[in-house]
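Understanding the architecture of this molecule
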Amino acid sequence: MCIKTRQCTLCSLSVLYDVAQRIKYCSVALCDVTSPPPCPVGRCLAAGLCAHEVDKALAGSDKETILDLITSRSNAQRQEICTAYKSLYGKDLIGDLKYELTGKFERLIIGLMRPPAYHDAKEIKDAIEGIGTDEKCLIEILASRNNKQIHNLVNAYKDAYGRSLEDDVIGDTSGHFKKMLVVLLQGTREEDDVVSEDLVAQDAQELYEAGEAKWGTDEAKFITILGNRSVTHLQLVFDEYQRIAEKEIEDSIRGELSGDFERLMLAVVDCIRSVPMYFAKRLYKSMKGLGTADNSLIRIMVSRAEIDMLDIREMFRLRYEKSLYSMIKLRGTIRPAADFNPQKDAEALRKAMKGFGKYNLGCRKNLMADFKSEISGEFCKLVLGLMMTPAQFDAKQMKKAMEGAGTNEKALIEILATRNNQEILAMNEAYKEAYHKSLEDAITSDTSGHFCRVLVSLVQGNREEGQADLERAEEDAKELSDGCNDDSNSMETRFMSILCTRSYPHLRKVFQEFVKCTNKDIEQVIRKAMSGDLKDAFIAIVQSVKNMPTYFADRLYKSMKGLGTDERTLTRIMVSRSEIDLLNIRREYKELSDVSLHESIKGDTSGDYRKALLLICGGED
């Protein structure tokens, strides 16, 4: 039903799941999949079961279960869960969620738990309280809501805060911006679809005479017409205005108005033309560049999930030629340059280095050799790493980890536990081409025991790639649970057969089911029951499945904490993740260590190496 009905988008709750992943992990995924169907809340019993699951998850700080459950229920069902939770446990669910969760993830989950009108009320309250005012939030909400939503918002604000929303808006804004907000707050926009052609022509002419046709601007006329006429009427007015003025109404607004009032009127026009397109633009602006306006992202995803998210996705793809999914997912700090010219870049590099001569395209060996002759140390290794393809770089790192007297098992684990099938297969080919030996043979000769078997399994690059299968996940969780009672060899074999082969989405579900079976987190079990490199390998897989940016953030933190700096690990991660998810890693690093990655690099490295790392890092958080 929800696939066919454009306005009923419970299937887009999968979007919320992935945004929650992004916010929780300060990273993550979206939109081109539909969510599991919402639970058919058979009223009290089903709501009670959901409440019980949430209580268990809170008791065990199981954020995955909280995330999975809340983003697969409609808002109406969440309200029933809140009621059931209070009846069963005598506690307020939102209060308990606030206690257990933190940061942007908490903001998202709490937003989902509020009724829509109360969520809007809280957003506006946050926008106007304190020293500054978030005018963009006020504009977004009041310009895009219909009459019924505005009335519900006003009532919810009064109920929640004991104050008049209109009075608070008047007290916090001024001028024509304030007047238009007050008009919108009345929720009295005409809703009649029957349009008078004479009135359309009259309104278009009056707008023209209020702006383009006179010295100065009659702002009151713009407020009266744009704030009160019906959507259908105004769409025709805009067409007639373009015929009269020979320009779009938006162009006139930009020329005649200014500041917050201009932005508000443009938002109203955008929403009259297409609410989904308006929100597609807002989402794009919230994510473009290296930073992300998480509050805007959260607000839009929460408020539109059950209204028009499918249409917003479609408008986003149409306008920006990329999916909303790909935009929200993991993001790197380095992106393809505009107007790229490899010949010019080669010449610029040549000028920057000593000597004479000129590069031709394809002379990469000469360029790499010249880099080696001109620069040295960690800076040289970093630059050379950036000049390799990702597969060549990974192959080189694997070779370095195994050559010489000792083996860098942590590097082997890090690479093989975090690469997808395509990346592993490409690395195998690059290794074979560069060193005339299969990577599997090199691993087999340099490692042993179960650790060797895990690495060999991972290097095949044949991990399953499907979505989670609930029935199979329950079976896998039981298999892992039973394995905990086996001798060490049998346990390790069982864990390897599942952790090294199942898809990441499936393993996330397995980990949730494992908690239900054992009341233990699988990572804690591994730490207690296993040891050595095998333990490290399994933990790396589990952490990567749960949250890969957090795994890398922890690796970076460990590479720089203490007296010395592990430049090899630092270089490897910065180079390999720069175009994938380094922006997400940066956010996780800040949450993990209370200092920014930029700040840590600045304090732990020096010279050209530091300059290059800071450029790759992409800025301060």
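Since the structure is predicted, the reported quantities are computational estimates derived from the model, not experimental observations.

**Examining the packing of helix α12 (residues 197-210) against helix α13 (residues 219-228)**
In contact at an axis separation of 9 Å, α12 and α13 are set at 150° when each is read in the N-to-C sense. Classified by the angle their axes make, α12 and α13 are roughly antiparallel. With respect to the hand of their crossing, α12 and α13 are arranged in left-handed fashion. Each of Asp203, Glu206, Leu207 and Ala210 in α12 lies in contact with α13, whose residues at this interface are Lys221, Phe222 and Ile225.

**Details of the packing of aromatic side chains**
By the definition in use, this model includes 11 aromatic pairs. Positioned over the ring face of tyrosine 161 is lysine 125, at 5.3 Å from the centre of the ring. Taking the ring centre of tyrosine 435 as reference, the NZ or CZ of lysine 399 above it sits at 5.2 Å.

**Considering the pattern of salt bridges**
If you walk through the whole model with that rule in mind, you get 37 salt bridges. Here lysine 221 and glutamate 206 are joined by a salt bridge, their closest N and O atoms 3.3 Å apart. Of the two residues, lysine 221 is situated in helix α13 and glutamate 206 in helix α12; the sequence distance between them amounts to 15 residues. Residue arginine 577 is joined to aspartate 581 by a salt bridge in which the shortest nitrogen-to-oxygen separation is 3.0 Å. By relative accessible area, arginine 577 is classed as buried at 3%. Several salt bridges share partner residues, and in doing so they unite Arg107, Lys122, Glu123, Asp126, Glu140, Arg282 and Arg299 into one network.

**A few points about helix α32 (residues 522-529)**
For α32, the set of buried residues is Ile522, Glu523, Val525 and Ile526. For α32, the arc enclosing every buried residue in end-on projection is 160°, short of the 170-degree limit, so these residues lie on one face. Opposite the packed face of α32, turned more than 90 degrees from it, sit the exposed residues Gln524 and Lys528. Each element contacted by the buried residues of α32 is listed here: α29 (470-483), α30 (488-499), α31 (504-518) and α33 (532-560). The N-terminus of α32 is capped by aspartate 521, whose side-chain oxygen sits 3.0 Å from the backbone nitrogen of glutamate 523.

**Concerning the confidence of the model for the protein**
Looking at the protein as a whole, its pLDDT mean stands at 86, while 87% of the residues score no less than 70. Below pLDDT 50 for its whole length, residues 22-43 participates in 94 contacts with residues either more than four positions away or in separate chains. Long-range and interchain partners of residues 356-365, a stretch whose pLDDT sits below 50, account for 18 contacts in this model, where long-range means more than four residues apart.

**Brief notes about the nonpolar core**
Grouped together as the largest cluster of nonpolar side chains are 74 residues, with contacts concentrated most on Met398, Phe495, Phe538 and Met574. For this core, the element with the highest residue contribution is α33, accounting for 14 residues. Not counting the four nearest positions on each side in its chain, methionine 574 is found in contact with Leu556, Leu582, Leu597, Ile601, Leu613, Ile616 and Cys617. Core analysis: the next-biggest nonpolar cluster, separate from the first, contains 65 residues, Val237, Ile249, Met265 and Leu324 among them.

**Examining the environment of isoleucine 170**
Mapped onto the secondary structure, isoleucine 170 falls in helix α10 (residues 165-172). Considered as a pair, isoleucine 170 and leucine 181 are 11 residues apart in the sequence and their alpha carbons are 8.6 Å apart. Sequence-distant contacts of isoleucine 170, that is, excluding residues within four places in its chain, are made with Lys178 and Val182.

**Structural notes on a positive patch on the surface**
A surface patch of like charges, here positive, comprises Lys136, Lys285, Lys288 and Arg319. Relative to the assigned elements, lysine 288 resides in the loop between α17 (275-287) and α18 (294-304). On the basis of relative accessibility, which here comes to 47%, the residue lysine 288 falls in the partly exposed class.

**Brief notes about the UniProt feature "coiled-coil region" (unreviewed entry) in the protein**
Taken from the UniProt record, the annotation "coiled-coil region" (unreviewed entry) applies to residues 456-483. Taken as a whole, residues 456-483 contains 64% helix and 0% strand, while its terminal C-alpha atoms sit 21 Å from one another.

**Let's talk about a negative patch on the surface**
On the surface, Asp469, Glu471, Glu474 and Glu475 cluster together into a patch of negative charge. By secondary structure assignment, the location of aspartate 469 is in the loop between α28 (449-459) and α29. A relative accessible area of 38% means that aspartate 469 is categorised as partly exposed.

**Description of the side chain of serine 503**
Mapping serine 503 onto the fold places it in the loop between α30 and α31. Among the residues examined, serine 503 registers a relative accessible area of 3% and is labelled buried. The contacts of serine 503, once residues within four sequence positions are left out, are Arg463, Glu464, Glu465, Gly466 and Gln467.

**Remarks on the packing of α12 against helix α14 (residues 231-245)**
Between two packed helices, the angle of one axis relative to the other and the distance separating the axes together describe the packing. With their axes 8 Å apart at the nearest point, α12 and α14 run at an angle of 55° to one another. In terms of axis orientation, α12 runs oblique to α14. Here the hand of the crossing between α12 and α14 comes out right-handed. Residues Leu199, Val200, Ala201, Asp203, Ala204, Gln205, Leu207 and Tyr208 of α12 form the contact with α14, whose own contacting residues are His233, Leu236, Val237, Glu240, Tyr241, Ile244 and Ala245.

Rules used throughout
- Starting from 1, residues in each chain are numbered consecutively following that chain's sequence as written.
- Owing to the predicted nature of the model, reporting of local features is limited to residues with pLDDT of at least 70; listing and counting of side-chain atom pairs is limited to 80 or more, with chain, interface and lining totals taken over all residues.
- Note: side-chain values were computed over all heavy atoms of the structure, leaving out hydrogens and water.
- An axis is simply a line fitted to the C-alpha atoms; with a helix, the fit covers only the stretch in contact. Between two such axes, the angle follows the N-to-C directions and lies from 0 to 180 degrees.
- Numbered from the N terminus, helices here are DSSP runs of H or I no shorter than four residues, and strands are runs of E no shorter than two.
- Roughly parallel means an angle under 35 degrees; roughly antiparallel, over 145; roughly perpendicular, 65 to 115; everything else is oblique.
- The handedness criterion is simple: a crossing whose near helix is rotated anticlockwise from the far helix by less than a right angle is left-handed, and one whose near helix is rotated clockwise is right-handed.
- Contacts are assigned to residue pairs that have any heavy atoms within 4.5 Å of one another.
- The criterion for an aromatic pair is that two Phe, Tyr or Trp rings (for Trp, the six-membered ring) have centres within 6.5 Å, with stacked assigned to planes under 30 degrees apart, edge-to-face to planes over 60 apart and tilted to the rest.
- A ring is considered to have a charge above it if a Lys NZ or an Arg CZ atom is located within 6 Å of its centre and within 35 degrees of its normal.
- Here, a salt bridge means any side-chain nitrogen of Lys or Arg that lies within 4 Å of a carboxyl oxygen of Asp or Glu.
- Throughout this description, buried means an accessible area under 20% of the type-specific maximum (1.4 Å probe, protein chains only), exposed means over 50%, and partly exposed covers the range between.
- In this context, the arc is that of the directions from the helix axis out to the C-beta atoms.
- By the criterion applied in these results, polar contacts are pairs of N or O atoms within 3.5 Å in which, for protein atoms, one can donate a hydrogen and the other can accept it, and in which residues neighboring in sequence qualify only through two side-chain atoms.
- Confidence scores per residue from the predictor, reported as pLDDT, run from 0 to 100.
- What we call a nonpolar core is a set of buried Ala, Val, Leu, Ile, Met, Phe, Trp, Tyr and Cys residues that are connected through their side-chain atoms within 4.5 Å.
- Only residues whose relative accessible area exceeds 30% and that form no salt bridge enter a patch; like-charged residues are grouped when within 9 Å of one another, and nonpolar side chains (Val, Leu, Ile, Met, Phe, Trp, Tyr) when within 5 Å.
- Residue burial considers only the protein chains on display, and all accessible areas are found by Shrake-Rupley using a 1.4 Å probe.
- A positive count includes Lys and Arg, and a negative count includes Asp and Glu. His and the chain ends are not counted in either.
- Charge positions are represented by NZ for Lys, CZ for Arg, CG for Asp and CD for Glu.
- UniProt positions are given in the numbering used here, feature names are shortened, and annotations may be inferred rather than shown by experiment.

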